[in-house]
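# Fold and geometry: a report
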Number of protein chains: 2
Amino acid sequence: MPNAYQQLTHRFQRLSRFAHLGAIAGWDMQAMMPPKGAAARGEALAELRLLRHQLLTEPVVGDWIAEAKTLPLSSSEQANLHEITRQYTLATVLPGNLVEAQSLAGSRCEHAWRTLRASNDWASFEPLLKEVVSLAREEATLRAEATGVSRYDALLNLYEPGMNSAKLDTLFGSVKTWLPDLIQEIMARQARYPLVTPQGPFSTSLQRETGLDVMKVLGFDFEAGRLDISAHPFCGGVPDDVRITTRYSEDDLFSALFGVIHETGHARYEQNLPREWRGQPVAEARSMGIHESQSLFFEMQVGRHPLFLKQLRTLVLQHFPQQPALEEDNFIAWNHRVTPGLIRVDADEVTYPAHVILRYEIERALVEGNIEVGDIPDLWNEKMQASLGLSTQNNYRDGCMQDIHWTDGSFGYFPTYTLGAMYAAQFMATIRQKMDTDEIIHTGDLTPVFNWLNSNIWNKGSLLATDELVKQATGESLNPDHFRQHLITRYL
Amino acid sequence: MPNAYQQLTHRFQRLSRFAHLGAIAGWDMQAMMPPKGAAARGEALAELRLLRHQLLTEPVVGDWIAEAKTLPLSSSEQANLHEITRQYTLATVLPGNLVEAQSLAGSRCEHAWRTLRASNDWASFEPLLKEVVSLAREEATLRAEATGVSRYDALLNLYEPGMNSAKLDTLFGSVKTWLPDLIQEIMARQARYPLVTPQGPFSTSLQRETGLDVMKVLGFDFEAGRLDISAHPFCGGVPDDVRITTRYSEDDLFSALFGVIHETGHARYEQNLPREWRGQPVAEARSMGIHESQSLFFEMQVGRHPLFLKQLRTLVLQHFPQQPALEEDNFIAWNHRVTPGLIRVDADEVTYPAHVILRYEIERALVEGNIEVGDIPDLWNEKMQASLGLSTQNNYRDGCMQDIHWTDGSFGYFPTYTLGAMYAAQFMATIRQKMDTDEIIHTGDLTPVFNWLNSNIWNKGSLLATDELVKQATGESLNPDHFRQHLITRYL
Ligand SMILES: [Zn+2]
Ligand SMILES: [Zn+2]
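Residues numbered from 1 in each chain as written. Chains lettered and ligands numbered in written order. Predicted model: local features only at pLDDT ≥ 70, side-chain atom pairs only at ≥ 80, totals over all residues. Heavy atoms only, no water.

For the rest of this paragraph, the subject is the pattern of salt bridges. Using the criterion set out here, one finds 58 salt bridges over all chains in the structure. Between Arg226 of chain A and Asp228 of chain A there is a salt bridge, with the nearest N and O atoms lying 2.8 Å from each other. The closest approach of N and O atoms between Arg137 of chain B and Glu372 of chain B, which form a salt bridge, is 3.2 Å. One end of the pair, Arg137 of chain B, is in helix 6 (residues 122-147); the other, Glu372 of chain B, is in the loop between helix 14 (352-368) and helix 15 (376-388), and 235 residues separate them in sequence. Through salt bridges with shared partners, one network takes in Arg14 and Arg17 of chain A together with Glu43 and Glu47 of chain B. (Salt bridge = Lys/Arg side-chain N within 4 Å of Asp/Glu carboxyl O. Helix = DSSP H or I, 4+ residues; strand = E, 2+ residues; numbered from the N terminus.)

So, on to the environment of Ile24 of chain A. Within the fold, Ile24 of chain A resides in helix 1 (residues 4-31). A relative accessible area of 0% means that Ile24 of chain A is categorised as buried. Measuring from C-alpha to C-alpha, the distance between Ile24 of chain A and Arg243 of chain A comes to 8.4 Å, with 219 residues separating the pair along the chain. Those residues in contact with Ile24 of chain A that lie beyond four places of it in its chain are Gly237, Asp241 and Arg243 of chain A together with Asp28 and Arg41 of chain B. (Buried < 20%, exposed > 50% of the residue type's maximum accessible area, 1.4 Å probe, protein only. Contact = heavy atoms within 4.5 Å.)

Further remarks concern the sheet that holds strand 2 (residues 235-238) of chain A. All names here are of chain A. With mixed pairing, three strands are arranged side by side in an open sheet as 1-3-2. The sheet is open, and its two borders are formed by strand 1 (225-229) and strand 2, each paired with just one other strand. Sheet twist, expressed as the mean angle between neighbouring strand axes with direction ignored, is 20°. Across five bridges, the pairing between strand 1 and strand 3 (residues 241-246) is parallel. Paired with Asp228 across the strands is Thr245, a residue of strand 3. (Pairing = 2+ DSSP bridges. Axes fitted to C-alpha atoms, helices over the stretch in contact; angles between N-to-C directions.)

For an α-helix, the turn length of 3.6 residues means that residues three or four places apart are oriented alike. All names here are of chain A. The terminal C-alpha atoms of helix 9 (residues 204-217), which comprises 14 residues, lie 20 Å apart, in line with the 20 Å expected from a rise of 1.5 Å per residue. Among the residues of helix 9, Gln207, Thr210, Gly211, Leu212, Asp213, Val214 and Met215 are the ones counted as buried. Packing partners of the buried residues in helix 9 comprise strand 1, strand 3, helix 10 (254-271) and helix 12 (306-319). Phi turns positive one or two residues past the end of helix 9, at Gly219, with a value near 80°. (Expected span 1.5 Å × (residues − 1).)

Moving on to the relation of the copies chain A and chain B. Of the transformation superimposing chain A on chain B, the axial component is 0.1 Å and the angular component is 180°, with the fit at an RMSD of 0.1 Å. What the rotation and shift describe, once combined, is the action of a two-fold rotation axis. Looking at chain A, 97% of its interface residues are interface residues in chain B too, so the copies touch through the same face. (Least-squares fit on C-alpha atoms with pLDDT ≥ 70 in both.)

Here we take up the UniProt feature "binding site: Zn(2+)" (unreviewed entry) in chain A. All names here are of chain A. Sites flagged by UniProt as "binding site: Zn(2+)" (unreviewed entry) map to His262, His266 and Glu292. Sequence-wise these annotated residues cover 31 residues; spatially they are packed, their C-alpha atoms never more than 8.8 Å apart. Here His262 lies in helix 10. Not counting chain neighbours up to four residues away, the residues in contact with His262 comprise Glu292, Ser295, Leu296 and Glu299. (UniProt positions renumbered as here; feature names shortened; annotations may be inferred.)

Quick look at unusual backbone geometry now. All names here are of chain A. Following Gly200, the chain continues to Pro201 via a peptide bond in cis, the omega torsion being 0°. Positioned with a positive phi, Asn120 is a non-glycine residue whose angle comes to about 55°. Position of Asn120 among the secondary structure elements: in the loop between helix 5 (96-118) and helix 6 (122-147). Backbone geometry places Asn394, a non-glycine residue, at a positive phi of 60°. By secondary structure assignment, the location of Asn394 is in the loop between helix 15 (376-388) and helix 16 (415-434).

Time to look at helix 18 (residues 447-456) of chain A. Residue and element names in this part refer to chain A. For helix 18, every residue scored as buried is listed here: Val449, Phe450, Trp452, Leu453 and Asn456. Around the axis of helix 18, the buried residues are gathered within 155° of arc, so they sit on the same side. Elements in contact with the buried residues of helix 18: helix 9, helix 10, helix 11 (288-302), helix 16, helix 17 (437-443) and helix 19 (466-474). (Arc of directions from axis to C-beta.)

Bringing the coordination of the zinc ion (ligand 2) into the picture now. Residues and elements named next belong to chain B. Distances from the zinc ion (ligand 2) to its protein donors, His262 (NE2), His266 (NE2) and Glu292 (OE), fall within 2.1 to 2.4 Å. Between consecutive donor residues of the zinc ion (ligand 2), the sequence gaps follow H-x3-H-x25-E. Placement of the pair is His266 in helix 10 (residues 254-271) and Glu292 in helix 11 (residues 288-302), with a sequence separation of 26 residues. Take Glu292: its relative accessible area is 9%, and that puts it in the buried class. (Donors = N, O, S within 2.8 Å, 3.2 Å for Na, K, Ca; no water.)

This is how it looks when you write it as structure tokens:
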């Protein structure tokens with residue numbers, strides 16, 4: 001007779017197998033599926049979600065958890081039980097009718113958003129978003145009661161367990177003190193060196209070849225994953241079979257390329273999650289912030305490192321003919337250009353935090369009930385003026401209507417982008433102390449760097465809490481100075 | 001409160017959604033998955049099979065069936081209930097430990113076969129096949145008891161409900177009276193016209209383009225399906241999203257092309273199964289024989305029709321340069337060549353039935369217990385000598401070890417290939433009476449032919465029993481004379 005802990009691991013093994021099918025069918029939906037397959041696929045995935053929810057929230061799971069806590073467990077098993085408990089609690093705390101109402105309101109709002117954003121129609125969007133916010137507040141209240149944290153923090157913890165707004169205020173508060181000046185300084189400096197713009201068209205099949213070459217350099221395991229195309233790039237699949245996607249534009253040589261480098265970072269994390277715990281919650285990625293730290297480590301810390309850019313240039317020139325924009329100095333400067341803009345997803349790594357902090361401040365106030373949906377456009381404009389000197393007056397499309405995240409109620413997600421950038425900088429600072437990183441990047445064999453990431457991050461899965469993971473890896477808790485130092489070193 | 005019939009349709013709707021995920025993950029496994037994904041995928045698909053088996057065989061399903069039979073139902077609902085009952089009965093009749101033992105013995109035998117076939121090692125293969133046969137006999141006995149038919153017929157009915165060996169003996173017995181002489185006559189005739197062999201290499205990407213062009217001509221709905229590559233071509237996916245595959249060889253222009261035409265026949269059947277019944281058993285394809293009749297209708301009745309071959313030649317010449325083998329007469333003759341050979345999958349439509357009848361006779365005797373596994377090689381050799389004048393003495397690789405079917409216990413499947421060829425010929429004979437088929441094929445717009453197939457076969461799903469379907473479509477039960485007449489007309 002298996003004991004309660006064994007019952008749990010068996011149940012979560014099953015859940016993970018069903019999640020596998022959802023991951024592949026979800027990837028297929030984005031990367032392969034023809035249009036008429038959409039309705040049946042949506043139904044099939046919804047049926048699977050329902051099944052997984054039922055298997056996860058069955059009362060006996062709660063009984064097993066209670067009993068497992070009394071059993072003698074190894075520290076890894078305890079960590080696994082901790083993650084099991086977390087997933088169970090997150091899944092059971094919401095009543096079914098709230099989840100259903102959220103799903104309905106979310107898809108209504110997201111669906112309408114696709115056209116309303118294009119027509120800059122805030123007035124029609126506002127009531128739909130209000131409904132989503134109202135339900136998100138209900139969710140936040142229930143989750144806050146269950147976990148004893150504030151309403152916003154309860155949502156934040158869905159993506160970044162252990163993080164809270166007090167810490168974010170300190171981290172982001174620090175950034176706000178130096179970022180606007182730094183942006184000004186960098187811009188003034190860059191204005192002195194005019195850039196040559198790359199001239200397309202750049203064949204998408206050659207872009208793909210270049211991307212595959214870079215993935216090889218970055219250690220992507222092609223026996224355990226693929227690169228394909230989708231409208232919205234992502235990293236999906238399962239650890240032994242990671243599916244990353246990108247999208248190509250013939251006008252733009254670098255967007256898909258750095259997208260591929262970014263997703264390769266996510267992919268290597270997934271491919272190297274602890275093998276001996278496959279199928280158990282403790283083998284899953286630690287948090288969205290840590291996940292993003294790996295993609296940004298690849299994209300920003302390594303990918304835009306000047307010595308890496310030199311090698312990237314060599315690769316690019318193996319597929320595309322020389323042109324003035326591809327001269328070494330211009331190649332590097334082009335990929336280091338800093339330009340305040342309205343659109344988050346187009347932002348460089350220097351201005352990106354401004355976009356995130358603005359969203360964090362607004363969504364937090366929104367969830368906590370300190371502002372209402374109607375206040376968003378003015379606040380957005382005000383904060384964009386303050387941080388990047390740009391106006392979004394009456395420009396909802398490129399202002400508060402630009403992101404998909406809020407449309408389906410994903411409040412608490414945005415901070416993970418900048419947490420990721422900070423973690424990445426801190427990991428690199430530690431690696432720099434352990435090895436001659438510039439020399440390693442110069443030689444092109446990044447194995448020692450990847451080995452450090454593997455033993456300190458990837459292979460740790462969720463065995464440690466995030467703060468403990470970062471402390472064990474770098475000797476300190478998250479410290480935004482490393483990120484600041486990184487920006488100064490690279491851009492000034 | 002839903003009634004018992006509604007409970008059943010709801011349960012089968014769920015089953016169909018889970019089957020959808022299995023179909024896509026199964027396609028992915030063959031067409032997309034990198035090698036390291038295999039273990040986790042196998043586990044995920046096994047977990048899904050288990051779930052589907054549990055949902056299908058839950059005792060309450062039996063209660064609903066019993067109660068639904070007392071309800072007033074439309075004739076379509078009755079047909080659906082009939083198919084539901086059939087699936088339930090097929091799934092519940094075997095004890096779990098037999099299914100498990102079969103699965104184990106089957107994968108052991110199939111796995112070993114891959115290397116043992118290559119090394120022509122019958123001695124090592126024999127004990128593994130014995131185990132599979134022994135379990136298949138157990139299965140056949142249980143199914144026979146449950147359905148009141150013979151042991152072999154009980155397995156045959158898994159693939160071809162309503163068919164039995166008495167009918168097969170008549171059908172195949174008729175073929176045996178005329179086929180050997182017909183083959184001799186055709187060969188003598190063809191020997192008079194020497195053929196020019198197509199000279200490769202034929203670029204696989206151009207082969208793919210040609211295949212896509214033919215699929216368009218044949219009405220494949222690209223908004224509801226795809227063409228990809230796999231080691232073993234198949235038609236998978238779901239009706240709104242049919243995935244067909246092929247494999248290309250640079251040496252061979254026609255193998256992939258006719259493979260694509262064949263799978264397009266399967267695909268159009270799936271794409272046009274009755275939409276209003278999607279997700280219910282009555283909306284599934286009628287039988288393996290009827291399925292194969294559609295692929296063979298496309299490949300043989302249409303695809304190798306001389307007037308279609310002329311158009312195919314035009315398409316080929318849009319992608320490949322002219323060469324002597326592609327001159328019109330040679331193009332047609334090349335795709336009409338008849339050559340007795342040892343390998344079933346390489347056989348032309350004239351010699352193919354000989355391969356099937358041989359296997360039918362052996363597998364039937366094997367399942368009924370009239371012969372033992374040790375008798376197979378000699379019987380095979382004897383029957384090959386009699387039907388095609390070829391020896392397989394000591395050549396197990398190209399004799400009784402050539403097929404995968406028996407390795408995992410799929411006895412009763414082989415007859416469906418030749419049933420399909422016969423149904424296809426009978427459908428074409430009826431269509432010829434309704435419209436000027438040669439003229440339609442000549443013009444290139446096959447819509448009237450497809451419309452006939454759609455209303456008589458595709459859109460009927462499993463609403464009618466096979467014999468009734470064929471009678472309503474053609475005015476008579478399956479009659480092998482149409483197949484004979486087709487071969488005589490085309491090849492003599
Ligand atoms: Zn990312
Ligand atoms: Zn077929």
